[in-house]
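Examination of the molecular architecture
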Number of protein chains: 2
Amino acid sequence: MQIGWIGCGVMGASMAGHLLEAGHGVRVHTRTRAKAATLVERGAVWADSPREAAESADVAVSIVGYPEDVEMVHLGETGTLSADHPPRILIDMTTSEPDLAVRLHDAAAARGISFLDAPVSGGDVGARGGTLSIMIGGEATAVATAQPIFDILGGTVIHQGGPGAGQRTKIVNQVLVAASMMGAVEAVLFATRAGLDPRRVLDSVTTGAAGSWTLSNLVPRMLDGDFEPGFFIDHFVKDLGIAIREARRLGLDLPGLALAESFYREARDEGLGAKGTQALLLLIEARQPRSGE
Amino acid sequence: MQIGWIGCGVMGASMAGHLLEAGHGVRVHTRTRAKAATLVERGAVWADSPREAAESADVAVSIVGYPEDVEMVHLGETGTLSADHPPRILIDMTTSEPDLAVRLHDAAAARGISFLDAPVSGGDVGARGGTLSIMIGGEATAVATAQPIFDILGGTVIHQGGPGAGQRTKIVNQVLVAASMMGAVEAVLFATRAGLDPRRVLDSVTTGAAGSWTLSNLVPRMLDGDFEPGFFIDHFVKDLGIAIREARRLGLDLPGLALAESFYREARDEGLGAKGTQALLLLIEARQPRSGE
């Protein structure tokens, strides 16, 4: 297939690479051209705009930062939907607003095009390994057509329902991740302060009822003092903000989510936005009444 | 080996059963005699007190409800330490206070006996399957002697450090479990209220960055409306109380733990104490500003 690819962040670059490897034609656009350099060396063609990436492609895929970027990429002046021969299917894999997904679905439909919201989970590890969980909202026929692409990028590919259902499922995912990260941070603080060997503790707690992806994948990074982004705090603050607004819209009060969201916002405000989500440890550590023994 | 076994709750009964199967002699005592009936049918010998269970045994193991029960079982008038020929090793597998573990260690040492704190994680599933994670505090020589017993009961057996280190590790475990459960409950509420199919959502989120033991094992029970205890809310309130007190003693403020503990206490006060920890869903659901659409 000929694929227009928009977004070469931590996730996007790995994902587009898998499509190249699988023999698909990729025309790539991203805000910072340098980030596309490796893909271009490997055979991707540079495009000066989302429109140019999407022009005459079979499918255009976006995975960018914020809902406003998603809107610009597809509805903007040089967006995918302004192409002369737009793709039959647009896929947005950014974690974004369910309502925006519905709006993009409607705007695409007005041009006879299918739109799928298909955010992912699994972090940089999953993007590199092609083992992402892909949560899809939109029409079943479009999902079936795009299946070969999803199968290359993901290990778990599930059509969750109509437009927006992918984004709503991703919110569920982030509610879980936020809780898991709060637990992991507090567990690390306790283990360290209690004089235990945190790595040995980890060996005990990962295999039982406390086990989680966060524990197995991000706590080791915390213990190594590695706070580099698999997933940016800036982006997680965005995700949790979406989750909070959507919960409110549904009349739900989710106190665990609210607590985690407020800490992540604080972490961003303290300048940790470009660190990985595991850097929440640094904030909560600094907030302790007595830091250090 | 000849083993004195004290405690036939959800966990204890399965665990003692594995020792019988493996050919060990088991003398069993528990507060409610009827709960030992199945074990006695399978070859265990009934004992009228912890002392009687421990008399002339190689090892005595307790897994009971609360720290005060642990204290009574070992230090009480008819406790294990009052035996004429006490075992060389006492093992407490109850989740209990680290300080009590240290006190029992000292009391046992005064009689030339080793004491190990060895709480477990993995729930009823792990107890039945012999796959528990066992977190051990105490002297290395005693751990080595008791290893054959631990190997029958657990899949992950780790000596975490000196007296109390097993209990402190278990606190880390429960901090993680509490966070995980808060996340799971809020995720289920969101998924349901957002009109998604929660089982299909589960298929998407268990394999990615949101994955956890809680999600795979307890959320399906929530969705089936099964709130029966794998692990009692009453006991979890005890565990979280221990965690809160120990964190405070270490000068730690853990807001996620505090939030979960307050909800679990509320759940117990609302009469959910004999339900499983997954019944937290019922409380948080009932607390919603609008319940149901």
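Quick word on the overall build of chain A
Of regular secondary structure, chain A possesses 14 helices and 9 strands. Expected size for 293 residues packed as a compact globule is a radius of gyration near 19 Å; at 20 Å, chain A falls within 12% of this value. Structurally, chain A occupies a C-alpha span of about 65 × 45 × 35 Å along its principal axes. When each of the 293 residues of chain A is scored for burial, the buried share is 62%. A sequence separation of at least 24 residues applies to 66% of the contacts in chain A between residues at least 6 apart.

Thoughts on the relation of the copies chain B and chain A
For these two chains of identical sequence, chain B goes onto chain A by a turn of 180° and a shift of 0.0 Å along the axis, with RMSD 0.0 Å. Viewed as a symmetry operation, the transformation between the two copies matches a two-fold axis. The position closest to the rotation axis in chain B is occupied by the C-alpha of Ser212 of chain B, lying 1.9 Å away. Residue by residue, 100% of the interface of chain B is reproduced at the interface of chain A, so both copies engage with the same surface.

Re the pairing of strand 1 (residues 2-6) of chain B
Residues and elements named next belong to chain B. Within strand 1, 4 of the 5 residues are buried, which leaves the element mostly enclosed by the surrounding structure. The pairing of strand 1 with strand 2 (residues 25-29) spans 5 bridges and is parallel. The residue of strand 2 that forms the bridge with Gln2 is Gly25. Taken together, strand 1, helix 1 (residues 10-21) and strand 2 constitute a β-α-β crossover, and its handedness is right-handed. Pairing between strand 1 and strand 4 (residues 59-62): 4 bridges, direction parallel. Opposite Ile6, over in strand 4, you have Ser62 as the bridge partner.

Remarks on unusual backbone geometry
Here Ser56 of chain A, not a glycine, exhibits a phi torsion of approximately 65°, which is positive. With respect to the element layout, Ser56 of chain A can be found in the loop between helix 3 (50-54) and strand 4 (59-62).

Overview of empty space enclosed by the protein
One water molecule sets the probe size; rolling that probe over the atoms shows where empty space is left. Inspection of every chain in the model, using the stated rule, returns 5 cavities of 30 Å³ or more. When its volume is computed, the largest cavity comes out at roughly 130 Å³. In terms of lining residues, the largest cavity is bounded by 17 residues, among which Ala179 and Met182 of chain A together with Ala179, Met182 and Gly256 of chain B are the most central. Counting residues per element, the ones that place at least two in the lining of the largest cavity are helix 8 (165-193) and helix 13 (255-272) of chain A together with helix 8 (165-193) and helix 13 (255-272) of chain B. Per-element tally for the lining of the largest cavity: the top contributor is helix 8 of chain A, with 5 residues. Here the lining of the largest cavity is built from residues that sort into 13 nonpolar, 3 polar and 1 charged. Here the second largest cavity defines a volume of roughly 80 Å³. Val172 of chain A together with Val188, Pro198, Leu202 and Val219 of chain B are, among the 13 residues lining the second largest cavity, the residues nearest its centre.

What to know about the side chain of Ser133 of chain A
By the secondary structure assignment, Ser133 of chain A is in strand 8 (residues 132-137). On the basis of relative accessible area, Ser133 of chain A is assigned to the buried category, the value being 1%. Separated by 2.5 Å, the side chain of Ser133 of chain A and the backbone oxygen of Ser204 of chain B make a polar contact.

Quick word on helix 9 (residues 198-205) of chain B
Count 3.6 residues to each turn of an α-helix, and residues three or four apart come out pointing the same way. Residues Val201, Leu202, Ser204 and Val205 of chain B constitute the buried set of helix 9 of chain B. Angularly, the buried residues of helix 9 of chain B cover 160° about the axis, an arc narrow enough to put them on a single face. Here the buried face of helix 9 of chain B lies against strand 8, strand 9 (154-161) and helix 8 of chain A together with helix 10 (213-217) and helix 11 (219-223) of chain B. For helix 9 of chain B, the capping residue at the N-terminal end is Asp197 of chain B, with a side-chain oxygen 3.0 Å from the backbone nitrogen of Arg199 of chain B.

Thresholds, definitions, all that
Throughout this document, residue positions are counted from 1 along each chain, in the order its sequence is written. Labels follow written order: the first chain is A, the first ligand is 1, and so on. Residue-level local features of this predicted model are given only where pLDDT is at least 70; pairs of side-chain atoms are given and counted only at 80 or more, and the full residue set underlies all totals for whole chains, interfaces and linings. The basis for every side-chain value is the complete set of heavy atoms in the structure, and neither hydrogens nor water enter the calculation. For helices the rule is a DSSP run of H or I covering at least 4 residues; for strands it is a run of E covering at least 2, with both sets numbered from the N terminus onward. C-alpha atoms define the radius of gyration in this analysis, and the globule rule sets the expected value at 2.2 Å times the number of residues to the power 0.38. Only protein chains enter the calculation, and the probe is 1.4 Å; a residue is then buried if its accessible area is under 20% of its type maximum, exposed if over 50%, and partly exposed in between. Contacts between residues were defined by any pair of non-hydrogen atoms, one from each residue, lying within 4.5 Å. The least-squares superposition of copies is restricted to C-alpha atoms, and to residues with a pLDDT of at least 70 in both copies. At least two DSSP bridges between two strands are needed for those strands to be called paired. The definition of a right-handed crossover adopted here requires that, viewed with the strands pointing away, the path from the first strand over the helix to the second runs clockwise. Space inside and on the surface of the protein is sampled on a 1 Å grid over the protein atoms alone, with a cavity defined as a set of points where a 1.4 Å probe fits but cannot get out and a pocket as an open set with protein on both sides within 12 Å along at least 5 of 7 lines; lining residues have an atom within 4 Å of a point. Grid points are joined across faces, edges and corners, and a volume is the space filled by probe spheres set on the points. Note on residue classes: Ala, Val, Leu, Ile, Met, Phe, Trp, Tyr, Cys and Pro are nonpolar, Asp, Glu, Lys and Arg are charged, and everything else, Gly too, is polar. Between N or O atoms, a polar contact is any pair within 3.5 Å; within protein, one atom must be a potential hydrogen donor and the other a potential acceptor, and residues adjacent in sequence are included only when both atoms are from side chains. What the arc measures is the spread of directions leading from the helix axis to the C-beta atoms.

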